[in-house]
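Residue strings, one per chain:
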Amino acid sequence: MSDLVPHTGSAAPAPADDDHRYKAVQSKLGKLGAVMDDLADDLEALRRGMQANAARAERVAGDIENADLDAKFVAVTNEVAVALGGAATQVTTLRATAQDVGAQTHQAKDTHATLYGALDDIRSNRSEKTPKPGFFAR
């Protein structure tokens, strides 16, 4: 599973570097797409685990009831099962969102390659120096 980092509560975006070269952008988009694909797999494993724990908690509640223990323990254990089932449903939604973001990232990488790939080939395969963007806009 991936190492998740807790959210700090800040609305500030994550720091980024200033490297906007074609190959750097392609690399960043590729890494983001791969992370989102891995995250979707991790979330599916989490969902399956939560569903299994919900089913186990439900069985334990039945065992507690059959043992003639206090009814409040049965109720609390059933609530845990329901909460785990609800959380698993929300993880399913989160997984779908992660898959959507991953697909959009792969699409953005393809679109970026279509728009700027040929230009990068031209710029990187010639020996003459070229002015930096914005040089003539003075």
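So, how was this worked out
Residues numbered from 1 in each chain as written. Predicted model: local features only at pLDDT ≥ 70, side-chain atom pairs only at ≥ 80, totals over all residues. Heavy atoms only, no water. Salt bridge = Lys/Arg side-chain N within 4 Å of Asp/Glu carboxyl O. Helix = DSSP H or I, 4+ residues; strand = E, 2+ residues; numbered from the N terminus.

Using the criterion set out here, one finds five salt bridges in the structure. With a closest N to O distance of 2.8 Å, Lys-23 and Asp-120 form a salt bridge. Residue Lys-23 is found in helix α1 (residues 22-66), and its partner Asp-120 is found in helix α2 (residues 71-124); the two are separated by 97 residues along the sequence. Between Glu-44 and Arg-95 there is a salt bridge, with its nearest N and O atoms 3.7 Å apart. Taken as a pair, Glu-44 in helix α1 and Arg-95 in helix α2 lie far apart in primary sequence, 51 residues in all. Look at the salt bridges and you will find they share partners, linking Glu-44, Arg-47, Arg-48 and Arg-95 into a network.

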